[in-house]
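# An overview of the molecular structure
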Amino acid sequence: MPLAVYVLGLSVFALGTSEFMLSGLLQPVARDMGVSIPEAGLLISAFAIGMVVGAPVLAAATLRLPRRTTLMALLAVFGLGQIAGALAPSYGVLFASRVVSALACAGFWAVGAAVAVSLVPVGARAKAMAVMVGGLSIANIAGVPAGAFLGQHAGWRAAFWAVAGLSALGLVGVVMLVPRTEVPTGDDRPRLKAELRIYRDPQVWLALAATALSGGAVFCLFSYLGPLLTDTAGLDEGWVPTVLALFGVGALLGTVIGGRIADAHLFGTMSGGIVASTVVLSALALTAHSPVAAVTLALMLGFTAFFTAPALNARMFNLANAAPTLAGATNTSAFNIGNTVGPWLGGLAIDAGWGYPAVAWTGAALAGTGAVTTVAALRLHRATAASRVIATSASPVGTEAAADVVGTEAAADVVGTEAATDLVGTEAASGLASDPSRATR
């Protein structure tokens, strides 16, 4: 595996740490800024809003720009956003710094994934993406708890400085190790107008709804996990980094196991994981006053939430096979819509005086709705036999492309082979085999 791919993974570690670390810093941030816990929680939503807007916009805006230069610029902006957050004199400035950082983060995800798969042979693309996604998993295991630890012992601003340092390290790595890439020209250049046609398919919208609802359910609770552990379960504040790390361990295990079985049981993995999250959140709402139960269920929530992630992503890429530019960016936006709405709804429940257990009930309601959406998607999928996906953006709609997509969806449900639904590494599912140059867009 080229060192450049690991540099991208390190950069994603910094991005993921910044995105999620505020869940362990809400109390010190609220005290320092003179705001309530729900208002501090909106800083998480601010980052998510930036991701929602930034992923598709920057994916489209940077289609024909040099990838290495784009990555360097985005990491530089992200690092400056962290410095602005560390120096923020007011809540408003901190909020703005989170939005700017998120825009850069979203753009990096959109471009970095394309660069990662372009640096390795066809058979190693899944491994390259695993390294990038692994950076996010490790951020939940190590980066987020470390940020909470720094916040408790050196002030919350120290966590922002640490992430700024990590982003600077990633920038140096990109400059030194990521090769220059040519700007696509001619017939192989992406056509945004053609890719936008995937949004005519109702199955795409059902897939996006499932992603948003499942993400909202988890982060409705995760955003307020720290105060729930201390104010409701009665744990000392020093326990918060440990429990956040346990959540990350559960998330990593869920991702690994879910990824292994999602290929053969796509809808089963989606519905099973979302229903399991509904049960775990409901149980946490009922037992939040027990420290043992709260810690155990936090670990289980990390597992059930990320167990569904490979299947949710695979489903979207199957449906949006014709839109390599927008598929990942759109799903990222859907996830972050949930990450925006979830904490906001949780904050409303707290402001209403219902207490932190009500946040878990709110998350359970979102997850339950996501399960219903998944069932509706399954019924529509069976009724239509195969996804109605537009052919590649670089060519007119043709029978060969249509057969590729139909075969992918049919094989995912009927045959159940891993080759049919592999998210990145399998060419039949990703549509990259006939045009390898698309990997560098």
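Here's a quick rundown of the structure. (Residues numbered from 1 in each chain as written. Predicted model: local features only at pLDDT ≥ 70, side-chain atom pairs only at ≥ 80, totals over all residues. Heavy atoms only, no water.)

### A look at the overall build of the protein chain
Check the secondary structure of the protein chain and you find 19 helices and 0 strands. Across the 441 residues in the protein chain, those meeting the buried criterion constitute 58%. In the protein chain, the proportion of contacts linking residues at least 24 apart, taken out of those at least 6 apart, comes to 83%. Accessible surface for the protein chain amounts to roughly 16,200 Å². Of this, 70% is attributable to carbon and sulfur atoms. (Helix = DSSP H or I, 4+ residues; strand = E, 2+ residues; numbered from the N terminus. Buried < 20%, exposed > 50% of the residue type's maximum accessible area, 1.4 Å probe, protein only. Contact = heavy atoms within 4.5 Å. Areas by Shrake-Rupley, 256 points an atom, 1.4 Å probe, with all protein chains shown as cover.)

### Quick look at the environment of Leu221
Here Leu221 is to be found in helix α9 (residues 202-222). Non-local contacts of Leu221, meaning those with residues more than four positions away in its chain, are made with Leu228, Leu281, Leu284, Leu301, Val359 and Ala360.

### Looking at the packing of aromatic side chains
With the rule as written, the count across this model stands at 7 aromatic pairs. Judged by centre distance (5.5 Å) and plane angle (90°), the ring pair of Phe219 and Phe335 falls under edge-to-face. Residue Phe219 is located in helix α9, and its partner Phe335 is located in helix α15 (residues 327-351); the two are separated by 116 residues in the primary sequence. Judged by its relative accessible area of 1%, Phe219 is buried. Residue classification places Phe335 among the partly exposed residues on the basis of a relative accessible area of 26%. Seen from their ring centres, Phe303 and Phe307 are 5.8 Å apart, and the 25° between their planes marks the pair as stacked. With Phe303 and Phe307 both in helix α13 (residues 291-307) and 4 residues apart, this pair spans about one turn of that helix. By relative accessible area, Phe303 is classed as partly exposed at 27%. (Phe/Tyr/Trp six-rings, centres within 6.5 Å; stacked < 30°, edge-to-face > 60°.)

### Considerations on the nonpolar core
Ranked by size, the top nonpolar core spans 89 residues in total, and within it Val29, Met33, Leu94, Phe108, Trp109, Leu221 and Leu225 carry the most contacts. Ignoring any residue separated from it by four or fewer positions in sequence, one finds Val29 in contact with Leu22, Leu43, Leu94 and Trp156. Residues Ala262, Met270, Ala311 and Ala377 belong to the second largest nonpolar core, which totals 9 residues. (Core = buried A, V, L, I, M, F, W, Y, C linked by side-chain atoms within 4.5 Å.)

### Some details on the packing of α9 against helix α16 (residues 357-384)
In contact at an axis separation of 8 Å, α9 and α16 are set at 160° when each is read in the N-to-C sense. When the axis of α9 is compared with that of α16, the two are roughly antiparallel. For the pair α9 and α16, the crossing hand works out as left-handed. Counted by class, the contact of α9 with α16 contains 15 nonpolar, 10 polar and no charged residues. (Axes fitted to C-alpha atoms, helices over the stretch in contact; angles between N-to-C directions. Parallel < 35°, antiparallel > 145°, perpendicular 65-115°, else oblique. Left-handed = near helix turned anticlockwise from the far one by under 90°. Nonpolar A, V, L, I, M, F, W, Y, C, P; charged D, E, K, R; others polar.)

### Considerations on the packing of helix α11 (residues 240-262) against α13
To characterise two packed helices, one gives the angle between the axes of the helices and the distance between these axes. Packing of α11 against α13 brings their axes to within 6 Å, and their N-to-C directions diverge by 30°. As α11 runs across α13, the sense of the crossing is right-handed. Contact with α11, carried on its side by Val243, Leu246, Phe247, Gly250, Ala251, Leu253, Gly254, Thr255, Ile257, Gly258 and Ile261, involves Val295, Ala298, Leu299, Leu301, Gly302, Phe303, Phe306 and Phe307 of α13 and no other residues of that element.

### Thoughts on the environment of Gly9
Locating Gly9 in the fold gives a position in helix α1 (residues 3-20). Spatially, the C-alpha atom of Gly9 lies 5.6 Å from that of Val131, the residues being 122 residues apart in sequence. The residues touching Gly9, leaving out its near neighbours within four places in the chain, are Val131, Met132 and Gly135.

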